[in-house]
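The primary structure of each chain is shown beneath.
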Amino acid sequence: MFSSFLNRLKRAFRKEEPATPEMVEELRRGFKDKYHAFKMLLAANNAALQIMTEMEVAAHGQQSFGMTFVRGHATAVCVNVFAIIRALNELSGNRYQELFPIFEGIQARIETVLSTRHTPPLTELVLPFSRITKEMADGVGSKMANLGEIVNRLPGLAVPEGFAITSAAYELFLTHNQLQEEINRRLQALEMRDISDLYRVSSEIQMALIGAQVPPELARAITEAYRDLAARVGGRVRVALRSSAVGEDALQTSFAGQYRSELNVAEEHLLTVYKEVLAGKYALTAVNYRLHKGLRDEDVPMCVGCMRMVEAAAGGVMYSRDPNNIRSDTIVINAVHGLAKAVVDGAVTPDLFVVSRDPLAITRREVRHKQQKVVCLPEEGVYTEADPDSDRPALTDEQILELARVALLLEEHFAGPQDIEWSYDQDGRLLLLQSRPLQQMTAPAADAPPLPDVDAPVLLRGGERASPGVAAGPLYLVRNNLDLLQFPEGAVLLAATPQPAWATLLPRAVAVITDRGGITGHLANVAREYGVPAIFNTGDATRKLTPGTLVTVDADGLSIYEGRVEPLLAAAVKKGGLMVGTPVHDTLKEVMAFITPLNLTNPEAPEFKPKGCRTLHDITRYAHEVSVKEMFAFDRHRHVYKYFIKRLVTDVPMEWWVLNLEDGFIEEVPGKEVTLDDIASAPMLALWEGITAVPWEGPPPVDARGFMSIVMGAATDPNLASAGGTIYGNQNYFMISRNFCNLTSRLGFHFSTVEALIGDQPYENYLRFTFKGGAADQTRRSLRAQLVGLMLEHLHFTVDVREDALFARLEGEPRDFMLDRLKALGYLTIHTRQIDMVMLNDSEVEHYREKMLRDLKNLVHT
């Protein structure tokens, strides 16, 4: 183990024995292993939070799901949290072993809930639509569960006759051919970073399924169900086989278009096409998604719907709400002649019809030139032919309004906006082919027309919906812990970044608005848990909105209105999710009680320790925080750095040294020196740009009182006497990798540390800045720390000032934003030294404050 080797190396150094090349190389490998463990921890942490987000969306959303979804996601989050704890102990020398029994206790409580809520498995191999409802998503997949729900609970609507080939059939198929073990073996051996390897494994698994035998028992069940269907509809019938994976809709749009469906299939090819649809589960994108989420392959069985093929006169897709503006009072319909496949595949530019909801009226029609259409071949299959009626509308006005009425019925029944595929047959009968939750709502355009019954001014539009809903209250800007303590009941939390520490305000806040941040972060998770509407990543809300203003926050419509907008508030009476009240939903909520709540929000709080972890979310938060300290607490090992540290050759007249942890250089650099041209670390280069952007003017002029404060400070500070003997004495050390930089700096009497991890995943990114010391007395040093803190708060950092020590942090932001802020830290590292000497001179303080703000404005652009 790396830590035990390090102890041996320390003993050798204490005896002043020279380290052998083998010892140095082992040390280098140890640091690389430690850094690898840190990166694995970050990846598992990100995956765990994404899975928690999916569970929260399912609990409050409109998709159907079953116990397979609950078990699969509970298992996946446990797998990732265990990986986090293991990686943390690898990089720390097993300093956090106590997290394992805490994790095991939480996992045991989750297992208790799952075992006591066991749902009898579906054993039938096929089920007619007449026996299917939304609660059967585990057995038939969410797509077929929704169609069965329409057949059985919305009798006024029509669905093509058919049946589902169930998850039990899928399990029988795999067992009969001994495929699951082989699939698992191939997936476990997969090198995920190698796209060619991923493509190869995907193709091999698909070919294995297509070449396998359909078990005789299953073949009989499918054939008999098909013949029953043919008898009901009056003779030989062709069918459409549509994929219906378990959990497909519950995983949002990630699988949209990735699975396979086949149209107009004859009886003699039914079993062959069934296998082809099963094989579609292993399409490249779907395999990659499941692997990165930690979802077990066996937790996503593939079901298949077999439906009478509709000889469509017209077909298409409609949305019960505008997908670009959920608050728009419109229904959007795309239509073509022939099969809806032309719309779904994007092969034809369809007609567009927009219908208002109340009153039901066509408000917009765009009849496009539809040069071709997709139709059924006489025997089997489909083909594309020229559309002789290319400029004629695909729908009559009566059909448009009928579709609109159906969209409203489906939205009401499924408790949310719907994405609906439909067809009109040759007799003019409307048949529904699919209804699923409408996804990917985006912000209304800045120049979008006002909503009906809403005459309030729009203050801001855009951002990302972190938690749904509508609420009203006065804006309260939170920048630091003092603001947190003064936050009033019933206010709208306005902040630059969604800091986890703000989670303590959510019981009092009615809504949250931030400039930055993503929907998988800690604060977003807690907002959804509390049901507090939240809009993140608005870009400039803290600049455009005035604290104290009464606003209505429409998170669903990504809009913020001045005043109370009663029509929106009245329309936002909370509806339960589609599955609310079902046993499976109750189980999900019970399981989530041990997974998603966040209790550890403040790293400085006394309860921020392993025994304070009560949920898996707490463990992820704690482990992420301490992993950074463990990874980069290099002062413990500074006595060994001299064996592979290099001097930075630069014109800046100070000593700068660079330690390459891993891939921080463009290529291996021989010798004892390195230049900026050798550096591949983006954080170091950004920090250096800030350090050198504006030449330092030198120390400020000091009056007699200031000079005496320096003399007394130097004489009474024990840290100054001892610092000269350390590796950091009057020198500056960079420790770097491609995405990481740590700068430990001592400039005269001032000590500072800048630490940055900045990559392509915003959630993993963070900046930390500490600043302490100075030559003046305690009062002046403290005033200097407060001045620097105000500047950093202006740049959206979270700041904590304790006497003359400053601690600032920024996390969860995109790469370019973080690199820009890193330039500011480089600038402040240089330009705040020695100004503590003039902090009692108001005119001098104002001079430096204005100068630094002006320089920062020119340096920082995002």
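Just so it is clear, the structure is predicted and the values come from calculations on it, not from any experiment. (Residues numbered from 1 in each chain as written. Predicted model: local features only at pLDDT ≥ 70, side-chain atom pairs only at ≥ 80, totals over all residues. Heavy atoms only, no water.)

Student: Any chance you could break down the pattern of salt bridges for me, citing the residues and the numbers?
Tutor: In the structure shown here, the tally under the stated rule is 39 salt bridges. One salt bridge connects Glu135 with Arg153, and the closest N-O pair in it is separated by 3.2 Å. Of this pair, Glu135 sits in the loop between strand 1 (126–128) and helix 5 (137–153) while Arg153 sits in helix 5, and the two are 18 residues apart along the sequence. Residue Arg153 is classed as partly exposed on the basis of its relative accessible area, which comes to 38%. Where salt bridges share partners, they join Glu182, Arg185, Arg186, Arg200 and Glu204 into one cluster. (Salt bridge = Lys/Arg side-chain N within 4 Å of Asp/Glu carboxyl O. Helix = DSSP H or I, 4+ residues; strand = E, 2+ residues; numbered from the N terminus. Buried < 20%, exposed > 50% of the residue type's maximum accessible area, 1.4 Å probe, protein only.)

Student: An account of the pairing of strand 8 (residues 351–357) is needed here, citing residue identities and associated values.
Tutor: The side chains of a regular strand alternate, residue by residue, between the two faces of the sheet. Burial runs high along strand 8: seven of the seven residues are buried. As paired strands, strand 7 (residues 330–337) and strand 8 are joined by six bridges and run antiparallel to one another. Bridging from a neighbouring strand, Thr330 pairs with Ser356 of strand 8. Looking at chain direction, strand 8 and strand 9 (residues 360–366) are connected through six bridges and run antiparallel. In the strand pairing of strand 9, Phe353 is matched with Arg365. Counted between consecutive antiparallel strands, the loop separating strand 8 from strand 9 contains two residues. (Pairing = 2+ DSSP bridges.)

Student: Which residues make up the sheet that holds strand 14 (residues 458–461), and what values do they have?
Tutor: Strands sit in the order 14-21-20-16-17-18-19-15 across an open sheet of eight strands; the sheet is mixed. Single-partner strands in this sheet number two, and they are strand 14 and strand 15 (464–467). Neighbouring strand axes in the sheet, compared pairwise and without regard to direction, differ in orientation by 30 degrees on average. Across three bridges, strand 15 lies against strand 19 (residues 534–536) in antiparallel orientation. Bridge pairing in strand 19 places Glu464 opposite Phe536. Each of strand 15, strand 18 (511–514) and strand 19 is contacted by helix 15 (residues 522–530), which is oriented at about 60 degrees to strand 15, the strand it contacts most. (Axes fitted to C-alpha atoms, helices over the stretch in contact; angles between N-to-C directions. Contact = heavy atoms within 4.5 Å.)

Student: Lay out the packing of aromatic side chains with the relevant residues and their values.
Tutor: For the structure shown, the criterion picks out 12 aromatic pairs. Ring geometry for Trp657 and Tyr733: centres 6.4 Å apart, planes at 15 degrees, overall stacked. Of this pair, Trp657 sits in strand 23 (residues 656–662) while Tyr733 sits in strand 25 (residues 732–737), placing them 76 residues apart in sequence. By relative accessible area, Tyr733 is classed as buried at 6%. Residues Phe769 and Phe771 carry aromatic rings whose centres are separated by 6.1 Å and whose planes lie at 40 degrees to one another, so their mutual orientation is tilted. Each member of the pair, Phe769 as well as Phe771, carries the same accessibility label: buried. (Phe/Tyr/Trp six-rings, centres within 6.5 Å; stacked < 30°, edge-to-face > 60°.)

Student: Let's hear about helix 15: which residues, and what values?
Tutor: An α-helix turns once every 3.6 residues. As a result, residues three or four positions apart point the same way. The buried fraction of helix 15 amounts to seven of the nine residues, a majority that puts the element mostly inside the structure. Within helix 15, the full set of buried residues consists of His522, Leu523, Ala524, Asn525, Val526, Ala527 and Arg528. A positive backbone phi angle near 70 degrees is found at Gly531, which sits one or two residues after helix 15.

Student: Now, about the packing of helix 6 (residues 167–176) against helix 9 (residues 216–233): what can you tell me, with residues and values included?
Tutor: Their axes nearest at 9 Å, the elements helix 6 and helix 9 cross at an angle of 150 degrees. With respect to the hand of their crossing, helix 6 and helix 9 are arranged in left-handed fashion. On helix 9, the residues that touch Ala169, Leu172, Phe173 and His176 of helix 6 are Pro216, Glu217 and Leu218. (Left-handed = near helix turned anticlockwise from the far one by under 90°.)

Student: Give me the pairing of strand 29 (residues 798–802): which residues, what numbers.
Tutor: Here five bridges tie strand 29 to strand 30 (residues 805–811), and the two strands are oriented antiparallel to one another. By the bridge assignment for strand 30, Thr798 is matched with Arg809. Joining the antiparallel neighbours strand 29 and strand 30 is a turn of two residues, in which Glu803 adopts a positive phi near 55 degrees.

Student: Explain the side chain of Asp855 to me, and be specific about the residues and the numbers.
Tutor: Residue placement: Asp855 occurs in helix 25 (residues 842–859). Take Asp855: its relative accessible area is 12%, and that puts it in the buried class. At 2.6 Å, the side chain of Asp855 forms a polar contact with the side chain of Tyr827. Residue contacts for Asp855: discarding those within four places in its chain leaves Val694 and Tyr827. (Polar contact = N/O pair within 3.5 Å; in protein donor to acceptor, adjacent residues only side chain to side chain.)

Student: Let's hear about the confidence of the model for the protein chain: which residues, and what values?
Tutor: For the protein chain, per-residue confidence averages 83 on the pLDDT scale, and residues scoring 70 or more make up 83% of the total. Highest mean pLDDT in the protein chain belongs to strand 2 (residues 162–165) (97); lowest belongs to helix 22 (residues 718–723) (38). (pLDDT = per-residue confidence, 0-100.)

Student: Tell me about the nonpolar core, residues and numbers included.
Tutor: Counting residues in each nonpolar core, the largest one holds 61 residues, and the members touching the most others are Val70, Ile110, Val591, Ile595 and Leu616. Per element, the largest residue contribution to this core is 14 residues, and it comes from helix 3 (residues 67–92). Contact partners of Ile110, with chain neighbours within four places excluded, come to Ala74, Cys78, Val591, Phe594, Ile595 and Leu616. (Core = buried A, V, L, I, M, F, W, Y, C linked by side-chain atoms within 4.5 Å.)

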